[in-house]
Amino acid sequence: MRDAVIVAAVRTPIGRGKPGGALEFVHPVDLMAHSLRAVVDRTGLDPALVDEVIGGVVSQVGEQATNITRRAALAAGYPESVPATTVDRQCSASQQALRFAAHAVIAGDCEIAVATGVESVSRIPMGTSLLDADNLTGAAFLERYPQGVPWQGISAELITARWRLGRAELDDYALESHARAADATKNGLFDAELTGPIEDLTHDEGIRFDADAAAVRALRPSFYNEAIHRRFPEIGWHITAANASQLGDGSAAVMITTSENARRLGLTPLARIHSHVAVGDDPFLMLTAVVPATAKVLEQTGLSLSDMDLIEINEAYSSVVLAWARETGADLSKVNVHGGAIALGHPLGASGVRITATLVHALRERGGRYGLQTMCESGGQANAMVVEALY
């Protein structure tokens, strides 16, 4: 039976996703191309051997519109004969691209596939693709959900209230994310996954190496709204800029093939994709699908959470990770051991593959065997994947 193994996994340093960020002047095509070149360079393969490039992007508008992955593959020097496509599963866009790439390899449709992702939030601000959209849902959706669906920040607040998470707990988690990311950077633990400098940026720009706990605790709530407060009096308004993910600019790429093909090409696989699932959940709470996704992927593998040596869950908000941990019983000492999106940044369409790159290299660095990756998505969905490190 065919399998899917990861033979290279890379990412750029992440720039702050706002004007003045280090990667503001890098066109998103060039940003994605940077990782696509690097993933081929890591293997030494002729890019003509790649059968498909599948990319993830969230804001598919402007410079990121009309199948940016095709333009980026050509910009990276891949032959014109290599096809490319772009998918959108919101924050899990590139993790879904990886899932599709793995499926293609396992099915025999591809011998070698590359999953990639990009987002340049400084050039294409989050929400740009919603401009001039007065009605996103249509009539039938509102018949089913007459209360409407709140934006993510309110969902994060509702999760905070439902799981009785306090402001101090959220802030402490955020401070730990920065501390872990700072330690990983200082000790070169990201070196194996980073592509190398881009625009002179050598490490993730958003990390606070000396995070000020007092300043974090003094921040005002980001999403307070009087009308929402009247509607949901249980909300304590604990979500701030510090305990939510930083928006970022960046790209990442993973190359996938079979074990047999890797041996034939003289490549050493980093990890085998053991199982990869997607689930839907309550679109109102929106960010809780990581819980059933974790349960489903573990059920498919026959493994338990205690079998996981490392876990990566996207830090969309501290509340998402902490609520997931409460429900699953996860050991937080194994979770996001090099920090997460709160410290590193969240380049939306690239984060799924970025997390994969971090996970597989961290497993090898620590001598671990199994790793779990999961991400919440706007609309009440989540992807989850279990990988097995290979040595």
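Notes on the structure follow. Since the model is a prediction, treat every value here as computed from it, not as a measurement.

### As for helix H3 (residues 93–107)
Note on helix geometry: an α-helix contains 3.6 residues per turn, so any two residues three or four positions apart are oriented the same way.
Item 1. Between its terminal C-alpha atoms H3 stretches 21 Å, which fits the 21 Å expected from 15 residues at 1.5 Å a residue.
Item 2. With 11 of its 15 residues buried, H3 lies for the most part within the structure.
Item 3. Turning to H3, its buried residues number three or more, namely Ala93, Ser94, Gln95, Gln96, Ala97, Leu98, Arg99, Ala101, Ala102, Ala104 and Val105.
Item 4. Of the residues trailing H3, glycine 108 is marked for its positive phi of about 90 degrees.

### Examining unusual backbone geometry
Item 1. In the Ramachandran plot, asparagine 67 falls in the positive-phi region, its phi being about 60 degrees despite a non-glycine side chain.
Item 2. By secondary structure assignment, the location of asparagine 67 is in the loop between strand E3 (52–56) and helix H2 (68–75).
Item 3. Among the residues examined, asparagine 67 registers a relative accessible area of 27% and is labelled partly exposed.

### Some details on the nonpolar core
Item 1. The biggest cluster of nonpolar side chains holds 48 residues, and the ones touching the most others in it are Leu287, Met308, Tyr317, Trp324, Leu372 and Val386.
Item 2. Elements with a minimum of two residues in this core: helix H5 (152–162), helix H6 (167–186), strand E7 (271–280), helix H10 (290–301), strand E8 (310–313), helix H11 (318–328), strand E9 (370–377) and strand E10 (381–389).
Item 3. Ranked by the residues each element gives to this core, the list is headed by H11, at 6 residues.
Item 4. Val7, Ala73, Val118 and Leu267 belong to the second-largest nonpolar core, a separate cluster that totals 35 residues.

### Remarks on the pairing of strand E5 (residues 112–120)
Item 1. Burial of E5 is extensive: 9 of the 9 residues sit out of reach of the surface.
Item 2. Here E5 shows two buried faces, one formed by Ile112, Val114, Thr116, Val118 and Ser120 and the other by Ala113, Ala115, Gly117 and Glu119.
Item 3. The pairing of E3 with E5 spans 5 bridges and is classified as parallel. Across the sheet, glycine 56 pairs through a bridge with glycine 117, a residue of E5.
Item 4. Note: E5 against strand E6 (residues 248–257), 9 bridges, orientation antiparallel. If you follow serine 120 over to E6, its bridge partner there is aspartate 249.

Reading the values: the criteria
- Residues numbered from 1 in each chain as written.
- Predicted model: local features only at pLDDT ≥ 70, side-chain atom pairs only at ≥ 80, totals over all residues.
- Heavy atoms only, no water.
- Helix = DSSP H or I, 4+ residues; strand = E, 2+ residues; numbered from the N terminus.
- Expected span 1.5 Å × (residues − 1).
- Buried < 20%, exposed > 50% of the residue type's maximum accessible area, 1.4 Å probe, protein only.
- Core = buried A, V, L, I, M, F, W, Y, C linked by side-chain atoms within 4.5 Å.
- Pairing = 2+ DSSP bridges.

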